[in-house]
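Each chain, written out:
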Amino acid sequence: FCTIILDAALADIPVAATAGGGIPENVLHEQTGLLAPVGDAAGLARAILRLLAEPELRARLTRTAKERIHRDFSVESMARKYTALYAATLGRAQED
């Protein structure tokens, strides 16, 4: 799940990462961070350099990332999601 990405955003650190594993679930390209394809070192370097060169972009990405974290990944939000998942799973299991 790459929670270090969430930690970085909460610390006002903009994220540039590769789009591997669960990272695209946390980093929405151009919305909450910048993504490069897996194995594209030059693309990742361009993303990092862009973050260094564009303070407005850094501010927008970290602001949007923080808003998303509070909305989608707070304890309350995650508890609601897990409760709904468990209810749906139990409901299906009882129907079978």
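To be clear, the structure that these remarks concern was listed above.
Residues numbered from 1 in each chain as written. Predicted model: local features only at pLDDT ≥ 70, side-chain atom pairs only at ≥ 80, totals over all residues. Heavy atoms only, no water.

1. Here's the deal with the overall build of the protein
When its secondary structure is counted, the protein shows five helices and two strands. Listing each helix as α and each strand as β along the protein from the N terminus yields α-β-α-β-α-α-α. Across its three principal axes, the protein shows a C-alpha extent of roughly 55 × 25 × 15 Å. Across the 96 residues that make up the protein, the buried fraction comes to 30%. (Helix = DSSP H or I, 4+ residues; strand = E, 2+ residues; numbered from the N terminus. Buried < 20%, exposed > 50% of the residue type's maximum accessible area, 1.4 Å probe, protein only.)

2. What to know about the pattern of salt bridges
This structure, assessed with the given rule, holds five salt bridges. Lys66 is the salt-bridge partner of Asp12, the closest N and O atoms lying 2.8 Å from each other. One end of the pair, Asp12, is in the loop between α1 (3–10) and β1 (16–18); the other, Lys66, is in helix α4 (residues 55–72), and 54 residues separate them in sequence. You can call Asp12 partly exposed: its relative accessible area is 47%. Owing to a relative accessible area of 23%, Lys66 belongs among the partly exposed residues under this scheme. Salt-bridge contacts for Arg50 lead to Glu30; the nearest nitrogen and oxygen are separated by 2.5 Å. With Arg50 in helix α3 (residues 41–53) and Glu30 in the loop between α2 (23–26) and β2 (34–36), this pair connects stretches of sequence that are 20 residues apart. (Salt bridge = Lys/Arg side-chain N within 4 Å of Asp/Glu carboxyl O.)

3. Topic: unusual backbone geometry
A positive phi angle is found at Asp12, which is not glycine, with a value near 65 degrees. Although it is not a glycine, Glu30 adopts a positive phi angle of roughly 70 degrees. Looking at Glu30, the relative accessible area reads 28%, which means it is partly exposed.

4. Some points on the environment of Ala59
Among the structural elements, Ala59 can be located in helix α4. Residues Ala59 and Ala11, 48 residues apart in the sequence, show an inter-C-alpha distance of 12 Å.

5. Overview of the packing of aromatic side chains
Taken as a whole and assessed by the stated rule, the structure comprises one aromatic pair. Sitting over the face of the ring of Phe73, Lys81 holds its NZ or CZ atom 5.6 Å from the ring centroid. (Phe/Tyr/Trp six-rings, centres within 6.5 Å; stacked < 30°, edge-to-face > 60°. Lys NZ or Arg CZ within 6 Å of the ring centre and 35° of its normal.)

6. A few points about the nonpolar core
Generally speaking, soluble globular proteins have nonpolar side chains that are buried together. The biggest cluster of nonpolar side chains holds seven residues, and these are Ile5, Ala8, Val15, Ala17, Ile23, Val27 and Leu35. Apart from residues lying up to four places away in sequence, Leu35 is in contact with Ala17, Thr18, Ala19, Ile23, Pro24, Val27 and His29. (Core = buried A, V, L, I, M, F, W, Y, C linked by side-chain atoms within 4.5 Å. Contact = heavy atoms within 4.5 Å.)

7. Some remarks on the side chain of Thr32
Inspection of the secondary structure assignment puts Thr32 in the loop between α2 and β2. Residue class for Thr32 comes out buried when judged on its relative accessible area of 6%. In terms of polar contacts, Thr32 uses its side chain to reach the backbone carbonyl oxygen of Asn26, at 3.4 Å. Of note is the side chain of Thr32, whose polar atom sits 2.7 Å from the backbone nitrogen of Leu28. In this structure, Thr32 is in contact with Asn26, Val27, Leu61, Thr64, Ala65 and Arg68, ignoring residues within four places of it in sequence. (Polar contact = N/O pair within 3.5 Å; in protein donor to acceptor, adjacent residues only side chain to side chain.)

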